[in-house]
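Descriptive analysis of the structure
Single-letter residue listing:
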Amino acid sequence: MKVGIPKEIKNSENRVGMTPSGVAELTRRGHQVFVQHTAGEGSGFADGDYEAVGARILPTIEDVYREADMIVKVKEPIAPEYPLVRRGQLLFTYFHFACEEQLTRAMLKSGATCIAYETVERGDRSLPLLIPMSEVAGRMAAQNGAYYLQKTKGGKGKLMAGVPGVMPANVLVLGGGTVGEAAARMAAGMGANVTITDVSLPRLKQLAAELPANVHTLYSSQHNIRRQLPAADVVIGSVLIPGDAAPKLITRDMLRLMEPGTVLVDVAIDQGGCFETSRPTTHSEPTYTVDGIVHYAVANIPGAVPHTSTMALTNATLRYVLALADKGWQQACRDDASLARGVNMADGRCTYEAVAKVWGLDYTPLPLLA
């Protein structure tokens, strides 16, 4: 199969779809790999690193899309890429269709097969291609919360750890999944007083047993969240409903419960955000303020540490990329139910029910296309 690795063109996105190590596995199996010129530079991988393992470097993004049967990316295509996607082409990347109608309709119109990293789901409900980036995003959410808590950045002017005789900051983490756990661990490691919420009692029990002593668990309800907000210095939103829009856990009226300079970090912004006042921001302009509350809602948080993120992502995606290249997407999905759950679109039809419901589209179960 011909596999294409284009350069990411989303704002401040320095990750790349595959490391040279991953490309080496593809070429070793006889596949052709086309990498756009300088695609890996932001992650620390030169064109020569890809050429050394058998890839061919192409000068433009148009060339990569034209040559490739399968495109492997990090982030969803943006508007300039829409015309480059063609019928029958396979795209394997993060899509987050439930929060972007224009992208959804453009990919349906293209007739491409779209397999979304974030909806590849194992039988135990775990999300193997979301986990590595969630771990990065959770850690960085705590770091960014601490950074923007500085007075010079619009925050309250508090140090996460405090100092002897001065209390540490209070961090509220909404959601006890991979992002939330990583955020809680990082904030706790900084010395903050951390509260993490979830609706699953078994998960809360697990978190209570495994997290440090300065992390406290709390059942997630609007009443409980409201009671925590007046004392919170940083609130990290990390809820996820696979493939669907995130629920709004903090509404506009709840901002008045918080002190000015409180920092909200919305890691769920890729799925529409879990704060009503959230809107996507970028690494070049990461924050804005509403009613005195600092909002950080960068839609590609791991893009700030692209070397680490690219290596972690390739480690997770490679087995699926190899299966798709070796077998074609139909047979690969027949052989692996978790990969089949990642198919959001095929042949101009929406095959993921949550996405179809959000945008009022006809839903076609994947088996009907087989």
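Whatever comes next refers back to the structure up there.
To keep things clear, this report deals only with the structure shown in the data block.

Rules used throughout
Residues numbered from 1 in each chain as written. Predicted model: local features only at pLDDT ≥ 70, side-chain atom pairs only at ≥ 80, totals over all residues. Heavy atoms only, no water. Helix = DSSP H or I, 4+ residues; strand = E, 2+ residues; numbered from the N terminus. Contact = heavy atoms within 4.5 Å. Areas by Shrake-Rupley, 256 points an atom, 1.4 Å probe, with all protein chains shown as cover. Lys, Arg positive; Asp, Glu negative; His and termini not counted. Charge placed at Lys NZ, Arg CZ, Asp CG, Glu CD. Core = buried A, V, L, I, M, F, W, Y, C linked by side-chain atoms within 4.5 Å. Buried < 20%, exposed > 50% of the residue type's maximum accessible area, 1.4 Å probe, protein only. Patch = residues over 30% accessible without salt bridge, like charges linked within 9 Å, V, L, I, M, F, W, Y side chains within 5 Å. Salt bridge = Lys/Arg side-chain N within 4 Å of Asp/Glu carboxyl O. Phe/Tyr/Trp six-rings, centres within 6.5 Å; stacked < 30°, edge-to-face > 60°. Pairing = 2+ DSSP bridges. Axes fitted to C-alpha atoms, helices over the stretch in contact; angles between N-to-C directions. Left-handed = near helix turned anticlockwise from the far one by under 90°. Nonpolar A, V, L, I, M, F, W, Y, C, P; charged D, E, K, R; others polar.

Here we come to the overall build of the protein. Secondary structure summary: the protein contains 12 helices and 15 strands in total. On the principal axes, the C-alpha backbone points of the protein span a range of 65 × 45 × 35 Å. Of the contacts made within the protein by residues no fewer than 6 positions apart, 63% connect residues no fewer than 24 positions apart. With the model as given, the accessible surface of the protein reaches about 15,100 Å², and the carbon-plus-sulfur share is 51%. Taking the average place of the 36 positive charges on the side chains of the protein and the average place of its 37 negative ones, the gap between the two points comes to 3 Å.

So, on to the nonpolar core. Core analysis: the largest hydrophobic core is formed by 42 residues, its most contacted members being Phe92, Ile115, Leu324, Trp329 and Leu339. No other element matches the eight residues that helix α9 (residues 306-327) contributes to this core. Beyond its immediate sequence surroundings of up to four residues, Ile115 is in contact with Leu90, Leu91, Phe92, Thr93, Phe95, Val120, Leu324, Trp329, Leu339, Gly342 and Val343. If you look at the next biggest cluster of nonpolar residues, it comprises 32 residues, including Ala146, Met160, Leu207 and Val267.

With that settled, the discussion passes to the side chain of Thr314. You can see Thr314 is positioned in helix α9. Residue class for Thr314 comes out buried when judged on its relative accessible area of 4%. When near neighbours in sequence (up to four residues on either side) are disregarded, Thr314 contacts Gly17, Met18, Thr19 and Gly22.

Next up on the list: a nonpolar patch on the surface. Taken together, the side chains of Leu159, Val163 and Val166 make up a nonpolar region of the molecular surface, amounting to roughly 280 Å² of accessible area. Tracing the backbone shows Val166 in the loop between α5 (131-148) and β7 (170-174).

Moving on: the packing of aromatic side chains. Think of a pair of aromatic rings as described by two things: how far the centres are apart, and how the planes are tilted against each other in angle. Using the criterion set out here, one finds five aromatic pairs in the structure. Ring centres 4.8 Å apart and planes at 85° place the aromatic pair Tyr94 and Tyr117 in the edge-to-face group. Remark: Tyr117 occurs in the loop between β6 (113-116) and α5 and Tyr94 occurs in the loop between β5 (90-93) and α4 (101-110); sequence separation between them is 23 residues. The same class applies to Tyr94 and to Tyr117, which are both buried. Between Tyr147 and Tyr148, the ring centres sit 4.9 Å apart and the planes meet at 90°, which makes this aromatic pair edge-to-face. Overall, the relative accessible area of 36% leaves Tyr147 in the partly exposed class. A residue is classified by how much of its surface remains accessible, and Tyr148, at 12% relative accessible area, is buried.

Let's shift gears to the sheet that holds strand β9 (residues 215-219). Pairing within the open sheet is mixed, and its seven strands lie in the order β9-β8-β7-β10-β11-β13-β12. Unpaired on one side and paired on the other, β9 and β12 (287-290) mark the two borders of the sheet. Across the sheet, the mean angle from the axis of one strand to that of its neighbour is 20°, orientation sign disregarded. Across four bridges, β12 lies against strand β13 (residues 293-296) in antiparallel orientation. Paired with Tyr288 across the two strands is His295, which belongs to β13. Together, β10 (234-237), β11 (263-266), β12 and β13 form the strand contacts of α5, whose direction differs from that of β11 by roughly 155°. Running at roughly 170° to β9, helix α7 (residues 201-210) makes contact with β8 (193-198) and β9 of the sheet.

All right, on to the packing of α5 against helix α6 (residues 178-189) then. Where α5 meets α6, the axes come as close as 7 Å, and the angle between the chain directions of the two elements is 35°. In this structure, α5 crosses over α6, and the sense of that crossing is right-handed. Counted together, Ile131, Ser134, Glu135, Gly138, Arg139, Ala142 and Gln143 of α5 and Thr178, Val179, Ala182, Ala183, Met186 and Ala187 of α6 form the full contact between these two elements. Looking at the contact of α5 with α6, its residues break down into seven nonpolar, four polar and two charged.

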